[in-house]
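Tertiary structure, described
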Amino acid sequence: MDNLLGILTPIALIDSTSMLPIGVVALAVLFAGKNPLLGATAFIGGMFATYLLCGILVTFGLGALFAKLNVILIDKWKNPDTLDLCLQIVIGGLLLTVGYRMAATRRAKEKTEKLERVTPARAFVAAGGLIIVGMPGAVPYLGAIDQILRADLPALNSVAALVFYDVIFVSPFIVLVAIRQLFPKLADRLFGVIGRIADSWGKRVIMVLLIILGLAMIVDGIGWFLGHPLIPV
C-alpha cells in the first residue's frame, strides 16, 4: 500500500497542474466575494467530491471489464498482429494531432463560471461541472486508477487510495487558500504569478507528454514491423 501511495502522489500532483489555471482564476474571484473562505472551501470540496465519485465509478465499473480483457490485452501486447500494429500507429498519430485539443478540454477551455456573486453551493456545483467537463482529458487519473486496479486491493482500500489521490490533487488549492488567509496582500500577487505560469506552461506540458506518447507508439509500431520494437517484450 505504501508503494502504491508513493506512485499515486506524483501522478496526482501532475494531474492537479492541469486544473491550476482555471482554478486559480475561480479562487481569485471567490476571494473577492462576500464569503471568501466559505466560497473557496466549497469550490475545493466540489472538485474533491466530484473527482472522487468519478474515480469510484471508473474503478468499480470498469474493473471487472479490465479483468476480462486482461488476458486478451496481454496476448496482443506480446504477439500483436498487423492490424494491431496499424491501429497503434494510427492512434499514435491521433495523439500527435489532438494533443492541443485534449489539453484545452482538460482545462475546460477556460470557461470559468461567473462567480462574482456566487454562493458556496453554486461554487461547489461549478467546481463539479469543471471536473466533469475535464474528465475526457484526465489521463493521469486513469493511469492512477490502473495502478490501483493492478494492486488488487480490497474495495475499502481501493476507495482509501482514491481518497488519498484526490486529497493530493486538491492540495495545491488548499495551500493557496491557506496562504491567502495568512498573507492576503502577498496572495494577490502570488495568484497573478501562478495564473500566468500555469497558463503559459500547463498546456505545453500536457501537449509535450501527449506528443511523446504518440511518437513512442508510432516508433514502437514501426519497430515491430522491422523486428526491433521500442519496448521489448
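Residues numbered from 1 in each chain as written. Predicted model: local features only at pLDDT ≥ 70, side-chain atom pairs only at ≥ 80, totals over all residues. Heavy atoms only, no water.

**Side note on the side chain of T59**
Here T59 lies in helix α3 (residues 36-78). By relative accessible area, which is 3% here, T59 ends up buried. Separated by 2.7 Å, the side chain of T59 and the backbone oxygen of G55 make a polar contact. Dropping the residues within four chain positions of it, T59 is found in contact with I145, L149 and L162. (Helix = DSSP H or I, 4+ residues; strand = E, 2+ residues; numbered from the N terminus. Buried < 20%, exposed > 50% of the residue type's maximum accessible area, 1.4 Å probe, protein only. Polar contact = N/O pair within 3.5 Å; in protein donor to acceptor, adjacent residues only side chain to side chain. Contact = heavy atoms within 4.5 Å.)

**Describing helix α7 (residues 155-182)**
Compared with an ideal rise of 1.5 Å per residue, which puts 28 residues at 40 Å, α7 spans 39 Å between its outermost C-alpha atoms and is within 8% of the ideal. Among all positions of α7, only S158, A161, L162, Y165, D166, I168, F169, V170, F173, L176, V177 and R180 are buried. (Expected span 1.5 Å × (residues − 1).)

**Overview of the packing of aromatic side chains**
By the definition in use, this model includes 3 aromatic pairs. With 4.9 Å between their ring centres and 25° between their planes, Y141 and Y165 make a pair best called stacked. Of the two residues, Y141 sits in helix α6 (residues 139-151) while Y165 sits in helix α7, which places them 24 residues apart along the sequence. For the residue pair Y141 and Y165, the accessibility class agrees, reading buried in each case. Grouping aromatic residues by their ring pairs yields a cluster made of Y51, Y141, Y165 and F169. (Phe/Tyr/Trp six-rings, centres within 6.5 Å; stacked < 30°, edge-to-face > 60°.)

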